[in-house]
Amino acid sequence: MASPEQRGHDFAQLLRAGRKAKAWTQEDVIEEAGLSRSTYLRWEAGRVERPDPEQVRAVCRVLNIDPREAAVALGYLTRDEIGLGPEPPHPESPACRR
């Protein structure tokens with residue numbers, strides 16, 4: 001099982017990738033998702049403790065992130081448990097830069 005720090009990192013990376021894919025600023029996400037600034041900035045910094053499910057759904061919706069990916073990143077479920085295939089490569093990984 002992943003540590004809380006790893007889960008926070010994984011969720012933050014998912015959010016940043018979704019935001020950058022849309023070429024949005026953090027403020028764009030905050031406004032569109034209806035989150036407080038402090039909540040979103042904490043999440044993107046990897047500090048996630050018991051996030052509100054409705055807020056997670058809102059940010060996934062505006063960033064076009066599959067909410068199942070958020071559940072996996074947060075350590076609530078495994079990819080196998082919900083029938084997701086292997087994890088896609090992260091945009092920062094060498095495989096994606098080729």
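By convention here, each chain's residues receive numbers from 1 onward along its written sequence. Reporting of local features is limited, given that this is a predicted model, to residues whose pLDDT is at least 70; pairs of side-chain atoms are given and counted only at 80 or more, and all residues count toward the totals for whole chains, interfaces and linings. Water and hydrogen atoms play no part in the side-chain values, which are based on all heavy atoms of the structure.

A. Representation of the overall build of the protein in the model. Scanning the protein from terminus to terminus reveals five helices and zero strands. What counts as a helix is a DSSP run of H or I of at least four residues, what counts as a strand is a run of E of at least two, and both are numbered from the N terminus. Written out in order from the N terminus, the α and β elements of the protein read α-α-α-α-α. The contacts of the protein with a sequence gap of at least 6 include a subset with a gap of at least 24, amounting to 53%. Using a 1.4 Å probe, the Shrake-Rupley method yields the accessible areas, and only the shown protein chains count as cover for residues. Carbon and sulfur atoms make up 51% of the accessible area of the protein, which amounts to about 6,300 Å² in all. Here, residues are in contact when the closest pair of their heavy atoms is within 4.5 Å.

B. Looking closely at the packing of helix α2 (residues 26-33) against helix α3 (residues 37-44). For the pair α2 and α3, the least separation of the axes is 10 Å and the interaxial angle reads 125°. With respect to α3, the axis of α2 lies oblique. α2 and α3 meet at a crossing whose hand is right-handed. Across from Gln26, Glu27, Val29 and Ile30 in α2, the residues of α3 making contact are Arg37, Tyr40, Leu41 and Glu44. Under the grouping applied here, Gly and all other residues not named as nonpolar or charged are polar, the nonpolar ones being Ala, Val, Leu, Ile, Met, Phe, Trp, Tyr, Cys and Pro and the charged ones Asp, Glu, Lys and Arg. Taken together, the residues of the contact of α2 with α3 sort by class into four nonpolar, one polar and three charged. Here, axes are lines fitted to C-alpha atoms. For helices the fit covers the stretch in contact, and angles between N-to-C directions go from 0 to 180 degrees. Each angle receives one of four descriptions, namely roughly parallel if under 35 degrees, roughly antiparallel if over 145, roughly perpendicular if within 65 to 115, and oblique otherwise. Crossings are sorted by hand: turned counterclockwise from the far helix by less than a right angle, the near helix makes the crossing left-handed, and turned clockwise it makes it right-handed.

C. A look at the nonpolar core. In terms of nonpolar packing, the biggest core is built from 20 residues, with Phe11, Leu15, Tyr40, Trp43, Val56, Val59 and Leu63 touching the most fellow members. Elements that contribute at least two residues to this core include exactly α1 (4-21), α2, α3, α4 (53-63) and α5 (67-73). For this core, the leading source of residues is α4, giving six residues. Definition of nonpolar core: a set of buried residues of the types Ala, Val, Leu, Ile, Met, Phe, Trp, Tyr and Cys, connected through side-chain atoms within 4.5 Å. The buried label goes to any residue with under 20% of its type's maximum accessible area, the exposed label to any with over 50%, and the partly exposed label to all in between, with areas taken from a 1.4 Å probe on protein chains only.

D. Representation of α3 within the structure. Burial in α3 covers these residues: Thr39, Tyr40, Trp43 and Glu44. The buried residues of α3 all sit within an arc of 125° when viewed along its axis, so they share a single face. Those residues of α3 that are buried are in contact with α1, α2 and α4. Immediately beyond the C-terminal end of α3, within one or two residues, lies Gly46, with a positive phi of roughly 90°. By arc we mean the arc of the directions from the helix axis to the C-beta atoms, nothing more.

E. Summary view of the confidence of the model for the protein. pLDDT expresses how confident the predictor is about each individual residue, on a scale running from 0 to 100. Residues of the protein with pLDDT of at least 70 account for 88%, and the chain-wide mean is 87. Confidence drops under a pLDDT of 50 for residues 93-98, and excluding neighbours within four residues, the segment shows five contacts in the predicted structure.

F. Quick peek at the packing of α1 against α4. Between α1 and α4, the least distance of the axes is 9 Å, while the angle of their chain directions is 35°. Our pair here, α1 against α4, has a crossing hand that is left-handed. Only Val56, Val59 and Leu63 of α4 make contact with α1, whose side of the interface consists of Phe11, Leu15, Gly18 and Arg19. When its residues are assigned to classes, the contact of α1 with α4 shows five nonpolar, one polar and one charged.

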